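Reading the structure
Residues per chain are reported as follows:
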Amino acid sequence: MALTIAPFPATSSAAARPGRFCLGASRVAVSATLAANETMDARRRRGEPVLPMGFGEAGLPAHPLLREALADAAGYTSYGPVAGHARLREAAASYWGRRGLPTDPDLVVAGPGSKALLFGLVSAIGGDVAVTRPSWVSYAAQAALAGHAAHFVSGDAGVPDAGQLARAVSAARAAGRQIRSVIVTLPDNPTGRTAPAAAVRAVCSVADRHDLIVISDEIYRDLVHDGEAAFVSPAALAPERTVVTTGLSKNLALGGWRLGVARLPDGWLGPELTGRLLAVGSEIWSAPAGPVQQAAAVAFAEPPALAERVALSRRLHARVARAVALRFARAGASVPAPQAAFYVYPDFSPLADVLLKRHGISGDDALAALLLARYGVCVLPGSAFGEQVGRLRLRAATSLLYGETEAQRSAALDAADPCSLPWIAASLDRLDEVLADLTGIGGGTTARSG
Ligand SMILES: Cc1ncc(COP(=O)(O)O)c(C=O)c1O
């Protein structure tokens, strides 16, 4: 079966204790990425070795220009408009304009991270949501929080297969459920890949036929390793039904600053959905942090210094992701070549027999748990991204290998061959050792800059 309706996570067993507060059913568990991060920190505190590849944080310092802009804006103490300051919305509109998407600043909504905006959109649109199997952990969880179901549809590189999407929508409707939106991730987390234009086009035409809103999460758009590669946004193909979200967390490594922006569709839907999204925002976050908005306006204006910073980070992400992918491939996993961001998505099914015989392991959860418990290697199982139980896929985020201090991370950014820096080389060597021990195959180190 290509698609299923995601069940809500199990109800808390502590729901009713006599003489205590009574809690209702919990619709979601703690985000898998955040939970993995906490586990890593606990191991570090115990002095145990770690390879932190669980958390998808960009792992680079804030650019000095942005630090200054933030400090200068400390006086922005008012809540300000829910949609964000005009200066920020105009800068975001110009950012999209430079990418071939002319944008009306009145149809830009800023929020405290694109994650919050995605939740706001799912709530504002209402109805069920189609998501790709596999896809980023939070889409299905957010749909559940908003009281809707996520329908997983098999796909690749962040885009569902168009034929299966059409069947999923029809099957859901026949069962009395309305799928009203489909989320695509361009480029994709967890696969680190970018879907081909034909796949994007096919999904847009299904969206058109079945009247779906396309939510295009383009948070990694500026981190396609080949900066010259063509990029097709659904907003260029289906402007009247596409919302685009992006932010500063990945390209400029400002995750903790919490700033995202949404570009609402053209036509009648734009103002309607903007109003609904603002209604959600007004009741949850009020407005993004004032000083951060001012710094974000500088970021979205893309002065040359920041464009250069993004180009350097793209180069670093490409080199380290490629080197990590090579280690997994040498150990016998099947690994799609990373194309964007800082993710590697190895599939251990070619090693299924070895893992079963040596460790009694037959699923990705057990594999990820073993890697963490025995070796301190933190990766996420593919099941966290909606993969079928029993698959042997893992997601490795490579950006926390850049260093533990700001000085190390800056050196990684500037290095033409970052994999030869001692701390990154040591992590790559450790990964080789762990994989050799895990599989009993090969081992030893080879060229570090792979
Ligand atoms: C695919 C995807 N979308 C959205 C986000 C959230 O980004 P933000 O920091 O803007 O909330 C992430 C962060 O991990 C992500 O991987």
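Keep in mind it's a predicted model, so treat the numbers as computed, not measured. (Residues numbered from 1 in each chain as written. Predicted model: local features only at pLDDT ≥ 70, side-chain atom pairs only at ≥ 80, totals over all residues. Heavy atoms only, no water.)

**Section: helix 4 (residues 114–125)**
Here helix 4 spans 16 Å end to end across twelve residues, near enough to the 16 Å set by a 1.5 Å rise per residue. Counting buried positions over the twelve residues of helix 4 gives ten, a clear majority of the element. Immediately downstream of helix 4, the backbone of Gly126 shows phi near 75°, a positive value. (Helix = DSSP H or I, 4+ residues; strand = E, 2+ residues; numbered from the N terminus. Expected span 1.5 Å × (residues − 1). Buried < 20%, exposed > 50% of the residue type's maximum accessible area, 1.4 Å probe, protein only.)

**Brief notes about the site of the ligand**
The immediate surroundings of the ligand are formed by 13 residues, with Ser114, Asn189, Asp217, Tyr220 and Ser249 found nearest. Residue Ser249 places a side-chain N or O atom 2.5 Å away from an oxygen atom belonging to the ligand. Surface burial for the ligand is 93%, taken as the share of its 400 Å² of free accessible area covered by protein chains. Put simply, the ligand lies in the second largest pocket. By residue class, the composition of the shell around the ligand is four nonpolar, five polar and four charged. (Near = heavy atom within 4 Å. Polar contact = N/O pair within 3.5 Å; in protein donor to acceptor, adjacent residues only side chain to side chain. Areas by Shrake-Rupley, 256 points an atom, 1.4 Å probe, with all protein chains shown as cover. 1 Å grid on protein atoms, 1.4 Å probe; cavity = no way out; pocket = protein on both sides within 12 Å on 5 of 7 lines; lining within 4 Å. Sits in = over half its atoms within 2 Å of the grid points. Nonpolar A, V, L, I, M, F, W, Y, C, P; charged D, E, K, R; others polar.)

**Some remarks on the pairing of strand 5 (residues 150–156)**
Where strand 4 (residues 128–133) meets strand 5, five bridges bridge the pair, whose relative direction is parallel. Residue pairing for strand 5: Thr132 is matched across the bridge by Val153. One ladder, built from two bridges, connects strand 5 with strand 6 (residues 159–160); its direction is antiparallel. Bridged to Gly155 within strand 6 is Pro160. Where strand 5 folds back on strand 6, the antiparallel hairpin that results is connected by two residues, among which Ala157 adopts a positive phi of roughly 50°. (Pairing = 2+ DSSP bridges.)

**Side note on the layout of surface pockets**
For the second largest pocket, the calculated volume is near 500 Å³. What lines the second largest pocket is a set of 27 residues, and nearest its centre among them are Gly56, Lys115, Trp136, Lys250 and Arg258. Of all the secondary structure elements, the ones that give two or more residues to the lining of the second largest pocket are helix 1 (32–45), helix 4 and helix 5 (137–145). (Points joined across faces, edges and corners; volume = space filled by probe spheres on them.)

**Some words on the nonpolar core**
Formed by 77 residues in total, the largest nonpolar core has its most connected members in Phe300, Phe328 and Phe348. No other element matches the nine residues that helix 11 (residues 304–330) contributes to this core. Those residues in contact with Phe348 that sit more than four places away from it in its chain are Phe328, Ala333, Leu355, Leu367, Leu392, Leu394, Leu435 and Leu438. One finds Leu118, Leu121, Trp136 and Ala143 within the second-largest nonpolar core, a separate group that totals 30 residues. (Core = buried A, V, L, I, M, F, W, Y, C linked by side-chain atoms within 4.5 Å. Contact = heavy atoms within 4.5 Å.)

**Let's talk about the packing of helix 11 against helix 15 (residues 422–439)**
Contact geometry for helix 11 and helix 15: axes closest at 10 Å, N-to-C directions at 20°. Classified by the interaxial angle, the pair formed by helix 11 and helix 15 is roughly parallel. With respect to the hand of their crossing, helix 11 and helix 15 are arranged in right-handed fashion. For the pair helix 11 and helix 15, the contacting residues are Ala323, Val324, Arg327, Phe328 and Arg330 in the first and Leu428, Leu431, Asp432 and Leu435 in the second. Across the contact of helix 11 with helix 15, the residue classes tally to six nonpolar, no polar and three charged. (Axes fitted to C-alpha atoms, helices over the stretch in contact; angles between N-to-C directions. Parallel < 35°, antiparallel > 145°, perpendicular 65-115°, else oblique. Left-handed = near helix turned anticlockwise from the far one by under 90°.)

**Describing unusual backbone geometry**
The peptide bond linking Arg133 to Pro134 adopts the cis configuration, its omega dihedral lying at 0°. Tracing the backbone through its elements, the reader meets Pro134 in the loop between strand 4 and helix 5. For the peptide bond that leads from Leu186 to Pro187, omega is -15°, which places it in the cis range. With respect to the helices, strands and loops of the structure, Pro187 is situated in the loop between strand 7 (179–185) and helix 7 (197–210).

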